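A look at the structure
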Amino acid sequence: MRAGLVFALLAIPCAGVIVDRIAISLGTQVITDSEIDQRIRLSAFENGVTPDFSLASRKLAASRLIDEKLVEHEMTIGRYPGTPEDKKPALLAAYEKNRGPAEVTRQLAVYGLAREDLMNDLARQQDLLTFLSLRFRPAVQVSEQDVQNYYRQHFAESKLQLNELRGAIEKKITDDRADAELDQWLKDHRERTRITYLEKDLEP
Amino acid sequence: MRRIYYAAAALLLLLGVPAGVCVWYIETGRLAAEVRARIVTELERSTGGKAEIGAFHFDWRTITAEVDHTVIHGTEPASSIPLFSADRIFIRFRIASLVKRQIDLVSVSVESPRVHLAVAEDGSTNIPDRRRSGVSSLLDLRIGRFDARAGLLLADVNGKSASQPWSARGHDLIVSLDYDSSGRQYRGFLSCAPLRVSARGIGSMDLDADTQITINRDRILISRADLKSAGSEFRLTNVIISNFAAPVVTARYTANISPGEFATGHGSLQTSGDLRFASPSNYEFTASARAEHFSFGPFRNVSATASLHAVPDLIELSNIHASSIEGRFVGAAEVSKLQKFNLNGRLEHVQARRAIETLAHKSIEWDAWLSGPFRASGRIADIRQGHIVANGRLTATPVDCARCVPVNGQIDAKFDGITQTIEFSRSSISLPSTQLTFSGVFGRNLTVEANTRDLNDFRPAIGKWNQVFLKEGSASFAGTVAGPLEDPSLAGHVTVTNLLIHDQKLDSFSGDIAARRSSISLARGSVVQGTLRARASGTLALSDWRPTNESAIDANLQVSGADLKTLFAAAGAKDLEFSGSGRADAHVAGTIGEPRLNASATLMRGTLYGQPYDSLNARVQYQDSGAQLFNVVFASAAKRVKMTGEFHHTPGAPPLAGELSFNAQSNAMALNQIALIRARQPDLHGLAQFHSEGAARIRRNSAGELTFDLLRLNGDASASRIELAGRNLGDARLSADTKGDVLNVHLDSNAAQASIHVSGAVSLAPGYPVNASATFSGAGLNALATLIARPEQAGEIDFDGTAAGEVAVRGSLEDWRRLSGSITVPQFEIYSLAAPGNCGEGSACAGIRNFRLRNSGPLRFSLAGGILSVENAHFIGPQTDIKVSGNMGFTERAGYNLRAEGDVNLALGSTFAPELETGGDMHVNAALRGALNAPDLSGRMEIRNGSVRYSGFANGITSVNAALVFNGSRATIQNFSGESGGGRVDVGGFAALTGGLIAFRLDAKTTGVRLRFAEGVSVVSDSHVTVAGTSERSEAAGTVLIHRVTINPRADFSSIFARSAQPVKTPTVQAGILSKLNLDVQISTAPDVALETSVAQRIEADANLRLRGTATNPTLLGRVNITSGELMFFGNKYTITTGSVSFLNPSRIDPVLNVDLETRARGVEVILTIAGPITKPSVSYRSDPPLQFSDIVALLATGRSPYDPGLPGGTVGQQQAFAQLGASQLIGEAIQNPASGRLQRFFGVSKVKIDPQLTDVTGSPESRLTIEQQVTPDILFTYITDVSSTSTQLIQVEWAFNRNWSAIVTREENGYVGLDFAYRKRFR
């Protein structure tokens, strides 16, 4: 008893520090507070705006992370090719081409980010595009009728001829339909996956 | 006013009168006379001689005077040349001061001044003797500018005369001459700057003169004379010219000389010393000299010091220390009579490379420091020609440099420029890997011995031979170098080992060579390379050490043991597939540009383009402008090919261009022994033989490639008993006959079981126009296809048929596009061989077996302009009627333009894809257009009442009705519906060819389709699956909803699960699209899913599974929950309290069980828990009331209660108890019964159980070990033994002839045989 009281007294000044917290769990994966925080910062940096850590912004970031995790999990299970580690620096270099590494590093520091954070985020974006092109784009069929309809709908008044715009229209329709397939796929997977919001505020 | 006038008048009178008087004085010449007299007086007064002047002119306006013919006589006789004379003296004055009566001489020009100095034997001169006392100034001139032209200095000394023309010009001349009567001497001073003096022998010199001179009666003393030129300074001090009778000049001098002023050179030269000169034959110079940055000849920046002593006929230089960037010299030299020189000293630290660069302007890469005694002598005049003698004993030490070859050695040489020889005493030079010793006279006879291990030591000299190396070898030369330096000749013996030439290695080479500028010869040459031994000798003419096309050559070569492959590779013909070894002799004569070759070769046991041969004899005669004959006999086993021929090279044409005539023949050769044929068609057998004679013209086209123009060909070739892959292709005979310009060809063959006759006429003209026709009948299509197809495809050809027709072709053989012709096939029939022989009537494969496609009406095709047109192609068969029309071009522009329309029996599909069983009708209306490499297919295909089944799949699709539309590179499924497994299948989607890949999307919906899996398991489900992607990667995603699961009564749960743990064997999935198909299918059970099995009742389960992985390696994730149900385990009913089968492994199907089974027997409640992976489940048990395991086994297996006292030995040994648990293989595997494992291996027995119900005929229950094997679905074989007694054995066979009745035959251990009938009835 006495020993327990002593330990209890000793514990009072030794307050613990919370390093991180799980905000959401989805299946066997988790999303932590720090990941939500980093997502907000990265998005703000790449958009060139001030980071917004409001609740609405955190909810949006959490939702994006859920989609990201689902895609990552699917890419792992489905053995989709991701960005190799040795190719990631090239992504970063391409991004830094205009501003230069020193300037980018300085700006990253303002946002509380490191170069590795940006590099990994660029790789994730590339992976998503890869997933999209391999998984959904081949299945999209654009018929001649689709092209003509689109042209009539958007370029009826234009002086440009259909043949001049055919390629662009086909690409636009293909991209839109692939995106729609992705959205549907994400919706299905969200329904199938057990998502638990440990941080209740983030629940939609 | 009047006073002013008077004063002015007085002034005018005062000035005018004198002025007028002056004018009168001048104009009347009185002034001139006055001045003239005055000049004469002054001259006489100053010189002491007698002065005379000719005309005198004075111009008071310009203040100039001109005096003609000025003469000053000395003490010489009147008839002699006077002391001084001048033709004309022109003086310009300037009045410096009227008050002081001072006049300056602005300029004085003297024409032809002549000074005559006569010295008598007694030393007296013709200079007049002054009689005045004291010092009187005789001359004090300051002339601003003077000019003396065409002067002459005459000297008569002791009767000998000399003259020296001179002229001088200068500024600021100051001349003063005083006479000191007390000393009876003249003292003078001369200064002039600048002064230009021109004199014979010295040219023109620009000087600054500053001299003091004292002239006595018999001595002239120049105390100091400073002469300066543009870059030089001379100072003479104490110059004494004494004893005019025998003048002797002594002086001391210092000089700073800029050599460039006097000769070509740079730098500076300081010298100082004394001189004494009496006569050209009596003088003496001593001096010390120093040169800095001196350039002398080729040497630059020389610094030197020396002591000079010169007397007539001898100049001595001692203590010479000279250094330059090339090195240093210390020594002495002497020049005698200004003709011969002698240099003796020592060279120190002379860098050889620099010295050679300086002297010979050649850059070398060998370098050394040279030091040692050095002497040179010769005539000065011969230096430029190099006719000197020099010798030295120099020691060479290496120079530390990165890009040079260091040299070490000792050279003792004597150079004789006259005889142009260098004589070496025993000298040696060492390079890093070379030793060179030489002695003798280079230029006459020099003996050289050289040994090297690395030719890089000589790389600077043989740089262009940079493909020649020694690879751990050595080269040595011992011989002589004779002849003059500019044309030496070498002779000696060369030995080389391990020489690498262009990556080809020679083991050794040796020979005696003699080389000179005009030729090189080799005697007793020997080359060894592996087994090759070659002897060579010969001579090659050279031009300035280089061979040319006109160089004559005469050489002999004998080669034996040569490995041809290595030899040809060495010759650069690495691609020539020719090997063997043998012997060859060759003699080459003529010139390099026009060689003549006679060679013969005998080769043994080699291969020629893969064809082994036993021997090959060849003789070749090559003469550039004449005929080249060859005779080759090729022997390989029993095959013989002989070829003779003649080649006439066209004069002036490139090599190998000319006319070839040949005669070749063979004996009967087995085709499968001909390597070329065997490589192409290993299964081709038969005999072939040919005989031919012909001629061809060989040319080189603009690209340098060889082209052949056939001029004549006669002969025949035959092949008999031709077999391909066991198929008899008959015989063939080809004959050719040339008449004039026309080659007639005939081919007869019964290949492919056909009768084929081809005849044609080919004109031997440019383009080879041809007119040919062929007829064939009874051609076997299978044999024909086998002939055309590749060997690996031949085995897959599973169709056959016959065809007969004729072909006519006209055009040019060289340009097939210009061929025209026609093909007519009146008879054509094709059928499949794919159907197995045991197809039942009415089956799909029977349809294949009976299917025959034949023509309706003759098939007609025409060919023109590279386009094959289909004029009539109508094929009919069972349920098949199809017409093909259009044309097909064989050029990129032409492409396809074909149309096919008609009905096709779908049974044909199996012909093309044997793994498919197809049936039904197909109507097609399609067109193929577009380029050959990018065809465009359009049209429509409809299927009616079709069926398709993939072998290995339990389900096929029947009653298929579909419509596909083709548009370019896309095929769209308009509709596709069928039935499968009692359900409906609908498919939609498309497939397109994009960027070389097939992109597709197929949406499949099934309703109520039954799928059968494993043994006895079938599933009824609805599904909606989309397969989309490309041929490189695709996804099958969708949902499957299971409505009913049926398990065959004879199926064993454990077997099902155990088999499910093994890798799924998909039915004959080939590499292709299916192997790259990823799965993502959600499998779930309907809420009312029914599980039908006789071993279980009222099972309620739900599944939530996800099928992932690929079609070849699928995996399952998820869980099957069993919420309730009952299982029968060998007479015991077990209730499933909880149960689940989990699939958690994403890389393979790995079910994990967790099932609780509960039962009650004799009042005891037993709960069995089976958990763990299916491959190794663990079985645990508990009971209420708690019992021992053995008691539970006994209770479950025999129904014995542990409390029953009537049964002896109730418990069974633990090992036996395990085997008695029940009929489940699952349990058997869990306890790993070793007996079961052995029986399984040898007898294939799959079950071990304890059967407590069976007893022998005596009816006493005992513990028995039972081994069962289900022989057929109706017959069960059982072997029973009492585990406690080896003699107790019972064999039982049960035949269940219907569901209720079965007959049991039992043979007991005592030999009794019993027959029992059993009736079973189930009550629900």
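Residues numbered from 1 in each chain as written. Chains lettered and ligands numbered in written order. Predicted model: local features only at pLDDT ≥ 70, side-chain atom pairs only at ≥ 80, totals over all residues. Heavy atoms only, no water.

Side note on the overall build of chain A
- Scanning chain A from N- to C-terminus turns up 8 helices and 3 strands.
- Element order for chain A, N to C, with α for helix and β for strand: α-β-β-α-α-α-α-α-α-α-β.
- In chain A, buried positions account for 36% of the 204 residues.
- A fraction of 69% describes how many contacts in chain A between residues 6 or more apart in sequence connect residues 24 or more apart.
- Approximately 12600 Å² of chain A is accessible, and the part contributed by carbon and sulfur atoms is 56%. (Helix = DSSP H or I, 4+ residues; strand = E, 2+ residues; numbered from the N terminus. Buried < 20%, exposed > 50% of the residue type's maximum accessible area, 1.4 Å probe, protein only. Contact = heavy atoms within 4.5 Å. Areas by Shrake-Rupley, 256 points an atom, 1.4 Å probe, with all protein chains shown as cover.)

Details of the side chain of Ser1302(B)
Residues and elements named next belong to chain B.
- Among the structural elements, Ser1302 can be located in strand S72 (residues 1301-1307).
- When its relative accessible area of 0% is taken as the criterion, Ser1302 is described as buried.
- Among the polar contacts listed, one links the side chain of Ser1302 to the side chain of Glu1294, at a separation of 3.3 Å.
- In contact with Ser1302, other than residues within four places in its own chain, are Glu1294, Trp1295, Ala1296, Phe1297, Asp1316, Phe1317, Ala1318 and Arg1320. (Polar contact = N/O pair within 3.5 Å; in protein donor to acceptor, adjacent residues only side chain to side chain.)

Here's the deal with the sheet that holds strand S1 (residues 22-26) of chain A
Residue and element names in this part refer to chain A.
- With antiparallel pairing, 3 strands are arranged side by side in an open sheet as S2-S1-S3. The sheet is open, and its two borders are formed by strand S2 (29-32) and strand S3 (195-197), each paired with just one other strand. On average, each strand axis in the sheet is inclined to that of its neighbour by 20°, with strand direction left out of account.
- Relative to S3, S1 runs antiparallel, the two being bridged by 3 bridges. Considered in S3, the bridge of Leu26 is made with Ile195.
- This element, helix H2 (residues 33-47), spans S1 and S2 of the sheet and lies at about 60° to S2. (Pairing = 2+ DSSP bridges. Axes fitted to C-alpha atoms, helices over the stretch in contact; angles between N-to-C directions.)

Looking at the interface of chain A and chain B
- At the junction of the two partners, chain A supplies 17 residues and chain B supplies 18 residues.
- Taken over both partners, the interface formed by chain A and chain B buries close to 1400 Å², and the fraction arising from carbon and sulfur atoms is 43%.
- Remark: the boundary between chain A and chain B carries 4 salt bridges.
- For Arg1108(B), the salt bridge identified is with Glu74(A), shortest N-O distance 2.5 Å.
- Across the contact surface, chain A and chain B share 7 residue pairs in polar contact (both at pLDDT 80 or more).
- Looking at the side of chain A that touches chain B, the elements that each hand over two or more residues are helix H3 (55-77), helix H6 (115-135) and helix H8 (162-192) of chain A.
- Counting residues per element, the side of chain A that touches chain B draws most heavily on H8(A), which supplies 4 residues.
- Classifying every residue of the side of chain A that touches chain B by side-chain character gives 9 nonpolar, 3 polar and 5 charged. (Buried area = accessible area lost by both parts, 1.4 Å probe. Salt bridge = Lys/Arg side-chain N within 4 Å of Asp/Glu carboxyl O. Nonpolar A, V, L, I, M, F, W, Y, C, P; charged D, E, K, R; others polar.)

Describing the nonpolar core
- Core analysis: the biggest nonpolar cluster contains 34 residues, and Phe828(B), Leu859(B), Phe875(B) and Ile943(B) have the highest contact counts within it.
- Per element, the largest residue contribution to this core is 4 residues, and it comes from strand S55 (residues 956-968) of chain B.
- When neighbours within four sequence positions are excluded, Phe875(B) is seen to be in contact with Phe828(B), Leu853(B), Arg854(B), Asn855(B), Leu859(B), Thr880(B), Asp881(B), Ile882(B) and Val884(B).
- Of all hydrophobic cores here, the second largest spans 32 residues; its members include Leu26(A), Ile40(A), Leu162(A) and Leu182(A). (Core = buried A, V, L, I, M, F, W, Y, C linked by side-chain atoms within 4.5 Å.)

Things to note about the packing of aromatic side chains
- On inspection of all chains with the given rule, the structure shows 13 aromatic pairs over all chains.
- Their ring planes at 90° and their centres at 5.6 Å tell us that Phe131(A) and Phe136(A) sit as a pair that is edge-to-face.
- Judged by its relative accessible area of 0%, Phe131(A) falls in the buried class.
- Assessed through its relative accessible area of 5%, Phe136(A) is described here as buried.
- Aromatic side chains Phe424(B) and Phe438(B) sit 4.8 Å apart centroid to centroid with 85° between the ring planes, which places their arrangement in the edge-to-face category. Of this pair, Phe424(B) sits in strand S24 (residues 421-431) while Phe438(B) sits in strand S25 (residues 434-442), and the two are 14 residues apart along the sequence.
- The buried category is assigned to Phe424(B), whose relative accessible area is 13%. (Phe/Tyr/Trp six-rings, centres within 6.5 Å; stacked < 30°, edge-to-face > 60°.)

Digging into H2(A)
Residue and element names in this part refer to chain A.
- In this model, H2 (15 residues) spans 21 Å end to end at C-alpha, consistent with the 21 Å of a helix rising 1.5 Å per residue.
- Within the span of H2, buried status applies to Asp33, Ile36, Arg39, Ile40, Leu42, Ser43, Ala44 and Phe45.
- Where H2 is buried, its residues meet S1, S2, H3, helix H4 (88-95), helix H5 (101-110) and H6.
- In the segment just after H2, Gly48 is the residue with positive phi, at about 75°. (Expected span 1.5 Å × (residues − 1).)

Regarding the environment of Gly866(B)
- Within the secondary structure, Gly866(B) sits in the loop between strand S49 (859-864) and strand S50 (867-877).
- Sequence-distant contacts of Gly866(B), that is, excluding residues within four places in its chain, are made with Trp816(B), Arg817(B), Leu819(B), Met888(B), Gly889(B) and Phe890(B).

Some remarks on the packing of H2(A) against H6(A)
Residue and element names in this part refer to chain A.
- For the pair H2 and H6, interaxial distance at closest approach is 11 Å and the crossing angle is 85°. Here H2 is positioned roughly perpendicular relative to H6, judged by the angle of their axes. Here H2 contributes Gln38, Arg39, Leu42, Phe45 and Glu46 to the contact with H6, which in turn contributes Asp117, Leu118, Asp121, Arg124 and Gln125.
- Counted by class, the contact of H2 with H6 contains 3 nonpolar, 2 polar and 5 charged residues. (Parallel < 35°, antiparallel > 145°, perpendicular 65-115°, else oblique.)

So, unusual backbone geometry
All names here are of chain B.
- Of the consecutive residues Asp1184 and Pro1185, the connecting peptide bond is found in the cis state with omega at 10°.
- Unusually for a residue other than glycine, Trp545 sits at a positive phi of about 70°.
- By secondary structure assignment, the location of Trp545 is in the loop between strand S31 (532-541) and strand S32 (553-563).

Some points on the packing of helix H7 (residues 144-155) of chain A against H8(A)
Residues and elements named next belong to chain A.
- Two elements in contact, H7 and H8, have axes whose closest approach is 9 Å; the angle formed by their N-to-C orientations is 105°. As judged from the angle between their axes, H7 and H8 are roughly perpendicular. Residues Glu144, Asp146, Val147, Gln148, Tyr150, Tyr151 and Phe155 of H7 lie in contact with H8, whose contacting residues are Leu162, Leu165, Arg166, Ile169, Glu170, Lys172, Ile173 and Arg177.

Quick notes on the pairing of strand S9 (residues 185-199) of chain B
Residue and element names in this part refer to chain B.
- For strand S8 (residues 160-180) and S9, the ladder comprises 12 bridges, and the chain directions are antiparallel. Its bridge partner lying in S9, Trp166 is registered against Ala199.
- Bridging between S9 and strand S10 (residues 203-215) involves 12 bridges; their strand directions are antiparallel. In the sheet register, Val197 faces S10, and the bridge partner there is Met205.

Focus on the side chain of Ser636(B)
Residue and element names in this part refer to chain B.
- By the secondary structure assignment, Ser636 is in strand S36 (residues 627-636).
- At a separation of 2.4 Å, a polar atom in the side chain of Ser636 contacts the main-chain carbonyl oxygen of Pro612.
- Residues in contact with Ser636, not counting those within four places in the same chain, are Gln611, Pro612, Tyr613 and Asp614.

Regarding the pattern of salt bridges
Residue and element names in this part refer to chain B.
- Counted under the stated rule, the structure contains 52 salt bridges over all chains.
- Across the pair Lys739 and Asp737 runs a salt bridge, and its minimum N-O distance is 2.5 Å.
- What makes Lys739 exposed here is its relative accessible area of 54%.
- On the basis of relative accessibility, which here comes to 29%, the residue Asp737 falls in the partly exposed class.

Some points on H4(A)
Residue and element names in this part refer to chain A.
- Taken residue by residue, H4 has Lys88, Leu91 and Leu92 as its buried positions. Along the axis of H4, the buried residues cluster in a sector spanning 95°; they form a single face.
- The inward-facing, buried residues of H4 abut H6. (Arc of directions from axis to C-beta.)

Remarks on the pairing of S31(B)
All names here are of chain B.
- Direction of pairing for strand S30 (residues 519-529) relative to S31: antiparallel, over a ladder of 9 bridges. When the sheet's bridge partners are listed, Gln529 is paired in S31 with Leu532.
- Hairpin geometry of S30 and S31 is characterised by an intervening segment of 2 residues between the two adjacent antiparallel strands and by a positive phi of about 60° at Gly530.

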